[in-house]
Amino acid sequence: MKNLLALIGLISLFAPGAFAASATPLAGAAPLDSATLLADVRTLSAPELAGRRTGSEGSKMAQVYIARRFEQIGIKPFGANYAMPFAFTSLRGQVKTEYPAALNLVGHIRGSVHPERYMVVSAHYDHLGVQKGAAYLGADDNASGVAAMLAVAAYFKQNPPQNTIVFAAFDAEELGHHGARALVKAAPFPIAKVALNLNFDMVSRNDKNEIYAAGTRYTPSLKPLVAKAAASSSVKVRLGHDSKVPGAPPDDDWTGQSDHAVFHEAGIAFLYFGVEDHADYHQPSDSFEKIDPTFFAEVARLLVSAAAILDQNLDTLK
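Everything quoted here is computed from the prediction, not taken from an experiment. (Residues numbered from 1 in each chain as written. Predicted model: local features only at pLDDT ≥ 70, side-chain atom pairs only at ≥ 80, totals over all residues. Heavy atoms only, no water.)

Colleague: Report on the overall build of the chain, specifying residues and quantitative values.
Modeller: For the chain, the helix and strand inventory stands at eight helices and eleven strands. Whereas a compact globule of 318 residues would reach a radius of gyration of roughly 20 Å, the chain reaches 18 Å, a difference of no more than 12%. Along the longest, intermediate and shortest principal axes, the C-alpha atoms of the chain span 50 × 45 × 45 Å. Residues classed as buried in the chain amount to 56% of the 318 residues present. (Helix = DSSP H or I, 4+ residues; strand = E, 2+ residues; numbered from the N terminus. Rg over C-alpha atoms; globule rule 2.2 N^0.38 Å. Buried < 20%, exposed > 50% of the residue type's maximum accessible area, 1.4 Å probe, protein only.)

Colleague: Tell me about helix α2 (residues 34-44), residues and numbers included.
Modeller: Most of α2 sits inside the fold, with ten of its eleven residues counted as buried. Those residues of α2 lying buried are Ser34, Ala35, Thr36, Leu37, Leu38, Ala39, Asp40, Val41, Thr43 and Leu44. Two or three places before Ala35, at the opening of α2, Asp33 has a side-chain oxygen 3.3 Å from that residue's backbone nitrogen. (Polar contact = N/O pair within 3.5 Å; in protein donor to acceptor, adjacent residues only side chain to side chain.)

Colleague: Mind laying out unusual backbone geometry, listing which residues take part and the relevant values?
Modeller: In this chain, Asp141 is followed by Asn142 through a cis amide linkage whose omega measures 5 degrees. If you trace the backbone, Asn142 turns up in helix α4 (residues 139-158). Its identity is not glycine, yet His177 carries a phi of approximately 60 degrees, on the positive side. Relative to the elements of secondary structure, His177 occurs in the loop between β7 (163-170) and α5 (178-185). Exposure remark for His177: the relative accessible area of 10% places this residue in the buried category.

Colleague: Before we move on, could you go through the packing of aromatic side chains and cite the residues and values that matter?
Modeller: The geometry of an aromatic ring pair comes down to the distance between the two centres and the angle between the two planes. Throughout the structure, instances matching the rule amount to ten aromatic pairs. Centre to centre, the rings of Phe70 and Tyr82 are 5.2 Å apart; their planes meet at 90 degrees, and the pair counts as edge-to-face. Here the residue Phe70 occupies a position in helix α3 (residues 57-73), and Tyr82 occupies one in the loop between β1 (76-77) and β2 (83-92), the gap between them amounting to twelve residues. Where Trp254 meets Tyr272, the ring centres are 5.8 Å apart and the plane angle is 65 degrees; that geometry is what we call edge-to-face. Of the two residues, Trp254 sits in the loop between β10 (236-239) and α7 (260-265) while Tyr272 sits in strand β11 (residues 270-274), which places them 18 residues apart along the sequence. A connected cluster of aromatic rings, assembled from ring pairs, spans Phe78, Tyr118 and Phe189. (Phe/Tyr/Trp six-rings, centres within 6.5 Å; stacked < 30°, edge-to-face > 60°.)

Colleague: Now, about the pattern of salt bridges: what can you tell me, with residues and values included?
Modeller: Throughout the structure, instances matching the rule amount to eight salt bridges. Arg238 is the partner of Glu210 in a salt bridge, and the nearest nitrogen-oxygen pair spans 2.4 Å. On the criterion of sequence distance, the pair formed by Glu210 in strand β9 (residues 210-214) and Arg238 in strand β10 is long-range, its members being 28 residues apart. Owing to a relative accessible area of 36%, Arg238 belongs among the partly exposed residues under this scheme. Here Arg301 and Glu298 are joined by a salt bridge, their closest N and O atoms 3.3 Å apart. Here Glu298 and Arg301 lie together in helix α8 (residues 293-312), a separation of three residues that amounts to about one turn. We classify Arg301 as buried; its relative accessible area is 5%. (Salt bridge = Lys/Arg side-chain N within 4 Å of Asp/Glu carboxyl O.)

Colleague: Any chance you could break down the layout of surface pockets for me, citing the residues and the numbers?
Modeller: Taken as a whole, the largest pocket spans an internal volume of roughly 420 Å³. As for the largest pocket, its lining consists of 24 residues, and the residues nearest its centre are Met202, Gln257, Asp277, Tyr281 and His282. (1 Å grid on protein atoms, 1.4 Å probe; cavity = no way out; pocket = protein on both sides within 12 Å on 5 of 7 lines; lining within 4 Å. Points joined across faces, edges and corners; volume = space filled by probe spheres on them.)

Colleague: Describe in detail the nonpolar core, supporting the description with residues and values.
Modeller: The biggest cluster of nonpolar side chains holds 69 residues, and the ones touching the most others in it are Phe70, Met149, Phe167, Leu196, Phe200, Leu271 and Phe273. When residues in this core are grouped by element, the largest group, 13 residues, is from α8. Among the nonpolar cores identified, the runner-up in size contains 15 residues, and Val106, Phe170, Leu183 and Val184 belong to it. (Core = buried A, V, L, I, M, F, W, Y, C linked by side-chain atoms within 4.5 Å.)

Colleague: Go over the environment of Leu196 with me, naming the residues and quoting the values.
Modeller: Mapping Leu196 onto the fold places it in strand β8 (residues 194-200). The class of Leu196 is buried, set by a relative accessible area of 0%. Every residue in contact with Leu196, bar those within four places of it in the chain, is listed here: Tyr118, Met119, Val120, Leu222, Ile268, Ala269, Phe270, Leu271, Leu310, Leu314 and Leu317. (Contact = heavy atoms within 4.5 Å.)

Colleague: If you had to explain the packing of α3 against α4 to someone new, which residues and values would you point to?
Modeller: For the pair α3 and α4, interaxial distance at closest approach is 10 Å and the crossing angle is 15 degrees. Relative to α4, α3 is oriented roughly parallel. Regarding α3 and α4, the two cross each other, and that crossing is right-handed. In contact with Ile66, Arg69, Phe70 and Ile73 of α3, α4 contributes Val146, Met149, Leu150, Ala153, Ala154 and Lys157. Taken together, the residues of the contact of α3 with α4 sort by class into eight nonpolar, no polar and two charged. (Axes fitted to C-alpha atoms, helices over the stretch in contact; angles between N-to-C directions. Parallel < 35°, antiparallel > 145°, perpendicular 65-115°, else oblique. Left-handed = near helix turned anticlockwise from the far one by under 90°. Nonpolar A, V, L, I, M, F, W, Y, C, P; charged D, E, K, R; others polar.)

Functional significance is not addressed by these values, which are geometric in nature.
Take a look at the structure:
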C-alpha cells in the first residue's frame, strides 16, 4: 500500500501539464505535448521507482504508471488488459537468476486502411535498479524512450494510422532483451505481418544536438523516409552504428544493442533511434535533471514525424 500511495503521489505531482512547453518547433514539425513528455520521463525516473529493475517494487510501480498512460491515451489492449507476463532465467558468468514475474505492457491502435499490417513501436522501461546502495534511475536509459513512445501513441490516437500500430513497453532489456523475445515468441498478433520495429532507447540528451538512426543498412528503403522526417527537425539525424567498421570497438555496431535486435533476428526490418553514450550512461547520475528539455522535445517531435511517415510508407520497405 505504501508503494501504491507513493505512485499515486507521483502521478499527481508529475501529471501532464506540470511543466512548461519547450522550444518552438520548426515549420512542418509534428505536434507534441512537451509538458506531458517531461512529466512521463520524470515520473518513470523518480527516486521512488528506484531504477525499475525487473521484478522489483519500482518496476511494478512503473507498470502501473505505463498502463494508466496507455488507458489515458486510448490504446487498446489485445486481451483483457495490457499485461503480458513472462518468465526467464538470466545467466551472468556462472550465476543463474530466475525471474518468474517479468512483464511487458502491450497495446495497439487499429489501422484504418491496412489493419492486417503492423508496425511495432517499442521502448524498454526496465533499468538497473539499486546497486551497492545507489539507485540507477535510468532517466535517459530508458524512461526517455518510453515517454517518446507515449508521445507517438498520443499522435496516432488523434491521427488514425493506416496500419495497426502496436505499442510495446518491454521489461528485461537490460538483462538480455528478454521482453522483446517473449513478445516475438508469443505475440497476440501475427508476427509475420509486422513490417517494421521502430525502437527508442536513450533519446533525451546529446551535447552535439544529434541522434542516430540505425537500421538503414539492412533496409535501404528507410533512408529517404528518415531524411523526410529529419528535414523538419533542428536535431541532426545521422545514419550509422548498424555495421561492423574495421578498427572500431565491438559496441560501435548497435544492431544487437537493444530490443530491435530480436526483431532483426526474426527477419523483421527495424529502425532504432538513440544517442551515443554519455558520461552518465549506466550510472546513478542518469537522472531527470540531466535531461535537456529542448533537445528531448525536438527529438520527440522528430520521432512522431518519423512514425507518421513510416506508417504511410510501410508498403515501400524492402
